[in-house]
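Coordinates in review
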Amino acid sequence: MSFAVGLVAVIVFALLAPALQLMARARAWALGPVILLAIAAVVSHGLGVMLGIFAVPQFQYWNAASIFGFCVMAYVFAFGAVYKSVSLDILRGLVDRPGRRAPVLEIAERQVPDLFRGRIGNLVDGGLVEPVDSHFRATAAGRNMAGRIGRLRRAFGIGDTGLYDFSD
Amino acid sequence: MNMLPGPAQAAAIGLSIAFPLLLLCYARIAATGGSGRRFRLACVSVVVFFAIACIALPGQRHVDDVLGGLLLLATAMMFCYILFSLLAWGFTVTLLTALVKIGRPLTLDQWAAAYMQGGDLGTFAHNRLKLLISSGLVVTADGRLAPTAKGVAVAQLVKLVRLSTGLR
């Protein structure tokens with residue numbers, strides 16, 4: 001029964017999370033998509049626990065939490081993949097074209113530079129980078145974040161190219 | 001309500017906490033290979049440790065306890081993968097670190113060259129395309145890209161996920 005309570009909380013999350021994203025866009029809330037996902041997760045988990053306490057005599061918290069955590073994380077994983085994946089953006093752009101075909105050169109010379117400019121816009125909006133005339137420079141917050149990322153990459157033995165290593 | 005995890009769930013919680021530490025340890029061992037291979041190795045290791053714990057822990061195992069443990073472990077792996085992949089392959093994150101590494105304001109073209117460490121955005125585009133091609137999602141013929149049936153299905157799935165998660 002505790003697993004079922006966890007699943008009920010997952011359903012609440014799956015309804016609440018997109019509703020919050022749509023409301024945030026419609027009402028121009030200043031909250032990012034990840035914060036909204038976190039709010040949806042906390043609220044639905046809380047509701048699930050309350051349901052378990054009142055509806056299940058021998059409510060096993062960790063049984064409910066395990067299925068809830070797994071499904072929510074799978075949701076976040078899928079959300080992250082479709083939200084910012086460059087590869088999936090390229091694939092989606094390709095499928096949406098008439099005839100579903102495009103020259104490789106056009107993808108490399110038009111679509112990818114557009115994605116590049118979009119991400120720079122995100123960095124500027126996030127206050128991590130600022131435009132100076134026709135140039136861009138990192139703000140103090142950007143330098144701090146880059147420093148933290150660099151330390152984490154070194155600790156985990158991750159390179160700084162951001163490219164997929166196909167010899168892997 | 002019972003807040004205490006079962007023995008297998010407790011082992012899974014412990015292994016979930018140890019998982020990033022295991023990644024840190026594997027980063028010190030050159031033979032563990034690149035980032036992707038090292039992450040997969042850490043996943044296999046914790047699953048093996050979990051199986052050993054399920055056998056070695058005293059007392060009878062209950063299905064709900066083991067199932068809950070497996071779900072908790074999978075949740076931790078997905079959570080770590082989201083963060084790890086951002087560090088290793090994150091486009092926006094690497095744009096920021098590339099700008100900070102150069103240490104002076106850059107134009108868009110200079111930034112692209114700094115990001116690609118001497119290459120250009122075409123190299124980045126080909127790296128991402130290689131992922132789509134090796135996954136069997138797109139094919140190239142006569143310098144043109146076309147999605148495979150699998151690629152079209154994935155693109156439709158991506159659209160469905162975007163719609164159901166409240167993204168445009």
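Below is a summary of the structure that appears in this document. (Residues numbered from 1 in each chain as written. Chains lettered and ligands numbered in written order. Predicted model: local features only at pLDDT ≥ 70, side-chain atom pairs only at ≥ 80, totals over all residues. Heavy atoms only, no water.)

**Considerations on the overall build of chain A**
Secondary structure assignment for chain A yields six helices and three strands. Listing each helix as α and each strand as β along chain A from the N terminus yields α-α-α-α-β-α-β-β-α. At 21 Å, chain A has a C-alpha radius of gyration far larger than the 15 Å of a compact globule built from 168 residues. Overall size of chain A, expressed as C-alpha extent along the three principal axes, is 65 × 45 × 45 Å. Within the span of chain A, comprising 168 residues, buried residues form 41% of the whole. Taking the intrachain contacts of chain A between residues at least 6 apart in sequence as the baseline, contacts between residues at least 24 apart amount to 51%. With the model as given, the accessible surface of chain A reaches about 8,600 Å², and the carbon-plus-sulfur share is 65%. Side-chain charges of chain A comprise 16 positive and 11 negative groups, with the mean position of each set lying 6 Å from the other. (Helix = DSSP H or I, 4+ residues; strand = E, 2+ residues; numbered from the N terminus. Rg over C-alpha atoms; globule rule 2.2 N^0.38 Å. Buried < 20%, exposed > 50% of the residue type's maximum accessible area, 1.4 Å probe, protein only. Contact = heavy atoms within 4.5 Å. Areas by Shrake-Rupley, 256 points an atom, 1.4 Å probe, with all protein chains shown as cover. Lys, Arg positive; Asp, Glu negative; His and termini not counted. Charge placed at Lys NZ, Arg CZ, Asp CG, Glu CD.)

**Here we look at the interface of chain B and chain A**
Contacts between the two partners involve 88 residues from chain B, matched on the other side by 76 residues from chain A. For the chain B and chain A pair, buried surface summed over both sides reaches about 7,700 Å², with 72% attributable to carbon and sulfur atoms. Interface area lost by chain B to chain A is led by Met1, Leu87 and Leu96 of chain B, which between them contribute 8%. Summed over the shared surface of chain B and chain A, the result is one salt bridge. Among the salt bridges present, the one from Asp96 of chain A reaches Lys159 of chain B, with a minimum N-O distance of 2.5 Å. Where chain B touches chain A, the interface holds 18 residue pairs in polar contact (both at pLDDT 80 or more). The greatest single-element share of the side of chain B that touches chain A, amounting to 15 residues, is contributed by helix α3 (residues 63-89) of chain B. Looking at the side of chain B that touches chain A residue by residue, the class counts come to 51 nonpolar, 24 polar and 13 charged. Direction of pairing for strand β1 (residues 102-103) of chain A relative to strand β2 (residues 144-147) of chain B: antiparallel, over a ladder of two bridges. Paired with Ala102 of chain A across the bridge in β2 of chain B is Leu145 of chain B. (Buried area = accessible area lost by both parts, 1.4 Å probe. Salt bridge = Lys/Arg side-chain N within 4 Å of Asp/Glu carboxyl O. Polar contact = N/O pair within 3.5 Å; in protein donor to acceptor, adjacent residues only side chain to side chain. Nonpolar A, V, L, I, M, F, W, Y, C, P; charged D, E, K, R; others polar. Pairing = 2+ DSSP bridges.)

**Quick notes on a nonpolar patch on the surface**
On the surface, Met23, Trp29, Leu31, Ile35, Ile39, Val43, Leu47, Met50, Ile53 and Phe54 of chain A together with Met1 and Met3 of chain B cluster together into a nonpolar patch covering about 1,100 Å² of accessible area. Ranked by the residues each element gives to the nonpolar patch, the list is headed by helix α2 (residues 33-55) of chain A, at seven residues. Counting through the fold element by element, Met23 of chain A comes out in helix α1 (residues 2-26). Accessibility expressed as a relative area gives 34% for Met23 of chain A, which makes it partly exposed. (Patch = residues over 30% accessible without salt bridge, like charges linked within 9 Å, V, L, I, M, F, W, Y side chains within 5 Å.)

**Regarding empty space enclosed by the protein**
Residue and element names in this part refer to chain A. On inspection of all chains with the given rule, the structure shows one cavity of 30 Å³ or more. Taken as a whole, the largest cavity spans an internal volume of roughly 40 Å³. Together, Val5, Gly6, Ala9, His45, Gly48, Val49, Phe59, Ala64 and Phe68 line the largest cavity. Those elements that place two or more of their residues in the lining of the largest cavity are α1, α2 and α3 (61-84). Grouping the amino acids of the lining of the largest cavity by side-chain chemistry returns six nonpolar, three polar and no charged. (1 Å grid on protein atoms, 1.4 Å probe; cavity = no way out; pocket = protein on both sides within 12 Å on 5 of 7 lines; lining within 4 Å. Points joined across faces, edges and corners; volume = space filled by probe spheres on them.)

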